[in-house]
Every structure is written in structure tokens, then in C-alpha cells.
Amino acid sequence: MTNEFTPKSDFLHILLERGFVHQCSDFPGLDEKALQGGLAAYIGFDCTAPSLHVGSLLPIMLLAWLQRTGGKPLPLMGGGTTRVGDPSGKDESRKLLSIEQINVNKDSIRKIFERFLKFGDAPNDALMLDNADWLADLNYIDFLRDVGRHFSVNRMLTMDSVKMRLDREHELSFIEFNYMCLQAYDFVEVNRRYGALLQMGGSDQWGNIVTGLDLGRRMGSPQLYALTSPLLTTASGAKMGKTAAGAVWLNADMLSPYDYWQYWRNTEDADVIRFLKLFTFLPIDEITRLSRLQGAEINEAKKTLATEATALIHGREAAEKSEETARTTFEQGALSLTLPTITLPSSEITAGLGVLNAFVKAGLVASTGEARRQIKSGGVRINDEVITDERRIITQKDFADAGVAKLSLGKKKHILLHLK
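Keep in mind that what you see is a predicted model, and the values were worked out from it rather than measured.

Peer 1: I tried to follow the pattern of salt bridges on my own but got confused; where do I start?
Peer 2: Note on pairing: side chains with opposite charge can pair once their charged atoms come close. This structure, assessed with the given rule, holds 16 salt bridges. A salt bridge links Asp214 to Arg217; its shortest N-O distance comes to 2.6 Å. Here Asp214 and its partner Arg217 are both found in helix α11 (residues 206-218), 3 residues apart, which amounts to about one turn of the helix. The closest approach of N and O atoms between Arg274 and Asp271, which form a salt bridge, is 2.8 Å. Residue Arg274 is classed as partly exposed on the basis of its relative accessible area of 31%. The class for Asp271 is buried, based on a relative accessible area of 2%. One continuous salt-bridge network, built from bridges that share partners, spans Glu189, Arg192 and Arg193.

Here it is in C-alpha cells:
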């Protein structure tokens, strides 16, 4: 239907033009609601960590475009559902967090949304919700009677999040089995309390979202709508938001602005234009111009992507500083003191710090085994000297240049080692 449908609303026109849409329950109906203005929509986010990662950027951009086209974004924090754990895409149960930790995570995550959305009291200002407000005090017997009776266990067993566990004979706890009931009930409550007609999310959430839409119909809600975005992988098949060193976090205290900039700068050629459409607010005309760059010139498009994406999260100044650091380091071959830095006590050097452990401490590799493999392939350098001996010890001589030692993995990942 996507190829046949021509939207009238700016909201759906932009989402379709930029590649945000995977499925929609009713294109014409949703388009009409968006055209009327003031469309309220929500997306749920669990509070399992103090930061979201790059994998959450696409739904955040969906909410941002909704607000930019006159709608009201409602980011929904899963203060209640995080206590249960979403089984979607998981082979095992998530670790259950304390209420105190969930609240700390929730407060930290809000700062990310403030970069993208305008919060306030105006009609289309964003409002951050927390499903603990209605889930935490639910009476179990009343919930079973009033809500649970609308769910078919037969249908629940066909859901991907459940079926995957059962097919692989992995344990699925009763508390996780109930997750989809709670998520569906969220849709009913967010509509009743805040007038939201649309729930959005990744394509892996389609079954859960449609279940909420159906529950709303059974419980007397007005017509509700569902829209999902594609689950993104890179051109080589890697999952967005993951690297060999771990998750690409959005908080600066968990991943430096420079490393975040480098993540986008290292985008594969085949993904650059697609990511410019999804993860920046650059006009389509400008993206079209960048799409015409060929050969080595495509690096300019990658730098634009890196700087624009970093500016959204960390601010324009941090983004431009990261770009300048990269230019100084790579194009001029200089040691830039604005590279990410870690500090170690000098006693560790005196005691004898091996190169394998140094690269693990710097976060450049996940294990000493990985460090050994990188040494064998010639990817490990100290102060631009290729290291071939895995027993190499870092000494005071390595800190002669500006009092720091530069650890490098490959051509693009660098950490400055500073002693205290």
C-alpha cells in the first residue's frame, strides 16, 4: 500500500519520503487525522539503562518529526513495564531492576529527549509519560476481569516474542508472558488520559501495537492507529547501535562526543544517504546533492552525517570540535589533545602494564584475546608505532610526547592514556 498511497499531510509525506515507514494499520485514516492537526502519538521506551543507544534514535526522530509537523509527541517511559521486562527479541529473561534504579534511569533518559523535543504547556509541546502511573497500582483481580478477558492465549502464543522462545525451548516466565497485555493496556490508557490516537515503534513491535489497537476497540476507545518503522541494519548486515566495543550510547558520560562522531563517520558507503534521511534534519534537496558525490568525495557526506548527527545529541560546538579533532589527527597526522582520554595511576605503569591489558582498560577491545588478534593483524599501535609483540610493556618512555601516550586500534580509533 505504501507505493500506492499519496499522503496529504506533511507528517506522513516526510516519513514516507525519508524512509521511516514499514507498516501502517490505516494510511488514509491516519493521514486524515494528521491533516486535521494536533495528532497525539506515543512511543514506549524501557528504562533498563541510564542512557538510550543509537538503536533508539529512529523512534526519537519519529516523535521529533511529529512535533515539527504540528503533532503532539508523547514519549512514554516504561517505569511500570521495565519492572517486568520485554521478551521481544530476547532468548532469556531480562535482569529485573529495582524501582530506585528504574527512576534514576528514567531521569537520565529524559535529558536525551530534551535535545529533540520541546516540552511545555503549548498544544503541541511534548509531554513525557510514565506507565507506572497507571500500572503500579492496578488491582490484579480487576485487571483480569476488565482487561484480561479480551486476550486470546491462542493468539498470544503466535506472537514472535513468545513463539521464538518456545521454538528454541528457552524459558519464558509468566511475568514476561503478561508483558504484551500491559503494553496493549498502555495504548488504552494513553488514549483515555491524553487523547493519543497513534502508537509508533519498531517493526518488531507490530504484533504488540496491533494488540493494543484491538484492545482499544474492545474496550470502547475511538479508532486507534499503528505505525512501525523498519528495524535497521547496516549494508553489511550488522545491527544498528552495536560495535565490537559495545553499545553506541547517547549519553556523553557513557560514550564521548568524539567516539559518537567517529561511529557515524565510519558509516558504510551504501548507508550514508539513507542515514542522512533518517538521522538528520537536513533538507532532502541537500541530501540529494550529497548523494551525487562519488569515489573519495563520499567522505564529505560521511563527515556531514557525523557532524549533524552528533550536533543533535551533544550540541553543535561538541560536534564541530569532534570533526576538527578528527581532521587534526587523521589529515595532519598530529597528536590531538582533544582525543578521548583515560587516566590511570602511575603505579600501574611502574608495576608493569602490558599492552593487552592497556587496550582493554582503554575500551578499544573487549578482551585480551581480541587484543592478541588485533596485534597479529597489525592493528595495534602505541604513539603510531605498530606493535608486534603481545608481551610489550608500556613504560614511562611512551609518555614523552605531551605527557600522554596515544593508543590506536586500526586507523580511526584512538585513546590518549594519561597518568596521575
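Peer 1: When you look at the pairing of strand β2 (residues 40-45) in this model, what are you seeing that I'm missing?
Peer 2: On any regular strand, side chains alternate: one points to one face of the sheet, the next to the other face. Across the 6 residues that make up β2, a large majority, 5, are buried. Relative to strand β3 (residues 72-77), β2 runs parallel, the two sharing 6 bridges. Among the inter-strand pairings, Tyr42 is bridged to a residue of β3, identified as Leu74. Regarding topology, helix α3 (residues 57-68) serves as the crossover connection from β2 to the parallel β3, and that connection is right-handed. Note that β2 and strand β5 (residues 198-202) share 2 bridges and pair parallel. For Ala41, the partnering residue across the bridge sits in β5 and is Leu198.

Peer 1: Sorry, what's going on with the packing of helix α1 (residues 10-18) against helix α2 (residues 27-36) here?
Peer 2: Angle between the axes and distance between the axes are the two parameters that describe a pair of packed helices. As a packed pair, α1 and α2 sit with axes 8 Å apart at the nearest point and diverge in direction by 125°. Comparing the axis directions of α1 and α2 gives the class oblique. Listed contacts from α2 to Phe11, Leu12 and Leu16 of α1 are Phe27, Leu30, Asp31 and Ala34. In terms of residue class, the contact of α1 with α2 is built from 6 nonpolar, no polar and 1 charged.

Peer 1: Please explain the nonpolar core as it appears in this structure.
Peer 2: Grouped together as the largest cluster of nonpolar side chains are 97 residues, with contacts concentrated most on Phe113, Phe116 and Trp264. For this core, the element with the highest residue contribution is α3, accounting for 9 residues. With residues up to four places along the chain from it excluded, the contact list for Phe113 reads Phe45, Leu52, Ile60, Leu63, Pro75, Met77, Phe119 and Met128. If you look at the next biggest cluster of nonpolar residues, it comprises 22 residues, including Val355, Leu364, Val380 and Leu407.

Peer 1: Please explain the pairing of strand β14 (residues 404-409) as it appears in this structure.
Peer 2: Of all 6 residues making up β14, 6 are buried, and the element is well covered by its neighbours. Two elements, strand β11 (residues 380-382) and β14, share 3 bridges in a ladder whose sense is antiparallel. Looking across to β14, one finds that Ile382 is bridged to Leu407.

Quick notes on the rules
Residues numbered from 1 in each chain as written. Predicted model: local features only at pLDDT ≥ 70, side-chain atom pairs only at ≥ 80, totals over all residues. Heavy atoms only, no water. Salt bridge = Lys/Arg side-chain N within 4 Å of Asp/Glu carboxyl O. Helix = DSSP H or I, 4+ residues; strand = E, 2+ residues; numbered from the N terminus. Buried < 20%, exposed > 50% of the residue type's maximum accessible area, 1.4 Å probe, protein only. Pairing = 2+ DSSP bridges. Right-handed = clockwise from strand over helix to strand, strands pointing away. Axes fitted to C-alpha atoms, helices over the stretch in contact; angles between N-to-C directions. Parallel < 35°, antiparallel > 145°, perpendicular 65-115°, else oblique. Contact = heavy atoms within 4.5 Å. Nonpolar A, V, L, I, M, F, W, Y, C, P; charged D, E, K, R; others polar. Core = buried A, V, L, I, M, F, W, Y, C linked by side-chain atoms within 4.5 Å.

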